[in-house]
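Chain and residue survey
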Amino acid sequence: MQRYLLHTPFSIYHFEAKTWDHPVHKHTYFEIIFILKGNGIHNINGNTFDYTEGDVFMLGPEDFHNFEIDTLTEFCFVRFNDSIYKNYTDEKDSLWQQVTNTLLYTSSQSRGTIVRDKQERKKLHSLLAVLEEENENPNSKYFDSIRTSIMRSIMIILARNLFGETLVSPVLKDSVEAILVYIKKHIYEPTKLTIEHLADVFNYSPDYISIFFKKHTGESIKQFITKYKMKLIEIRLLYSQLTIGEIADEFGYIDESHFCKQFKKFTGSTPTAFRKIV
């Protein structure tokens, strides 16, 4: 399956199309998709959803999708990687951290469009219009601040529509999505991702949490953690200036040699060779 790359931390892709010329593909980034007009079918992760004007979808790095266009469709894709929100994780803003941890790290694609209320859609489209206008002048000293504020507003509205006013529902505590959120939130802390630690956090036995996770995701906890971690490492190798040792340290590897061996086992390439592919 083809994988699309994002060569900058943030971009907006606005276009019209009568036919969809892209194959089913994955991304290395997050993507908010606005349907501004038209209708057709959106295939996401093996699920099929009708789309129409006003719909909003959100995809993460592991989601795969394509469109089947019935009538001329105007799309706007807002694409970003984790660097545009990771810089704000130390802020004392609990609501924003709930939004990033829950919205970005919880699969929403079994639900189709995130927003159905007309007023909520109107708010999002107004914010999108401002974001696009500001994006025309990315060299402005105010651009990063304005972009961040608008993206926060967009994502909070999306989270509110997806999860309700509480954003992080207590029901999530007993769901596989809660485990996914926790894993992705602590992906840089290996000691918090052991089966024993996860079982303790979620009040399960180690055997039961392993069975529960595989039943709902189709893969083991260890497989999921490794795959997700490797995708993030690939992004670091392609788009950051960090050394191999610094990346290994960021993800909690005890030494660079162990990191290189695991990366090659997963990708078939050494980190140095992988970094040279682009």
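Now for a look at the structure at hand.

Each value, and the rule that gives it
Residues numbered from 1 in each chain as written. Predicted model: local features only at pLDDT ≥ 70, side-chain atom pairs only at ≥ 80, totals over all residues. Heavy atoms only, no water. Phe/Tyr/Trp six-rings, centres within 6.5 Å; stacked < 30°, edge-to-face > 60°. Lys NZ or Arg CZ within 6 Å of the ring centre and 35° of its normal. Helix = DSSP H or I, 4+ residues; strand = E, 2+ residues; numbered from the N terminus. Buried < 20%, exposed > 50% of the residue type's maximum accessible area, 1.4 Å probe, protein only. Contact = heavy atoms within 4.5 Å. Axes fitted to C-alpha atoms, helices over the stretch in contact; angles between N-to-C directions. Parallel < 35°, antiparallel > 145°, perpendicular 65-115°, else oblique. Nonpolar A, V, L, I, M, F, W, Y, C, P; charged D, E, K, R; others polar. Pairing = 2+ DSSP bridges.

Some remarks on the packing of aromatic side chains
- Tallied over the full model, the rule gives 24 aromatic pairs.
- Between the aromatic rings of Tyr204 and Phe212, the centroid separation amounts to 5.6 Å while the plane-to-plane angle is 45 degrees, which identifies the pairing as tilted.
- Joined through ring pairs, the aromatic side chains of Tyr13, Phe15, Trp20, Tyr51, Phe67, Phe75 and Phe77 make up one cluster.
- Sitting above the plane of the Phe10 ring, Arg147 keeps its charged end 5.0 Å from the centroid.
- When the ring centre of Tyr253 is taken as reference, the NZ or CZ atom of Lys229 above it lies at 5.2 Å.

Here we look at the side chain of Asn66
- Topologically, Asn66 is positioned in strand β8 (residues 65–69).
- In this structure Asn66 comes out as buried when scored by relative accessible area, which is 15%.
- Beyond its immediate sequence surroundings of up to four residues, Asn66 is in contact with Trp20, His22, Pro23, Val24, Ile41, His42 and Asn43.

Quick notes on the packing of helix α5 (residues 176–185) against helix α7 (residues 206–217)
- Here α5 crosses α7 at 100 degrees, and the two axes come no closer than 10 Å. Between α5 and α7, the crossing angle belongs to the class labelled roughly perpendicular. Touching Val176, Ile179, Leu180 and Ile183 of α5 are Ile209, Phe212, Phe213, His216 and Thr217, all from α7.
- Its residues assigned to classes, the contact of α5 with α7 comprises seven nonpolar, two polar and no charged.

Things to note about the sheet that holds strand β4 (residues 30–37)
- Taken together, four strands build an open sheet; the order of strands is β2-β9-β4-β7 and the sheet is antiparallel. Of all the strands in the sheet, the pair left with one neighbour each is β2 (10–17) and β7 (56–59). Averaged over all adjacent pairs, the angle separating strand axes in this sheet is 15 degrees, with direction ignored.

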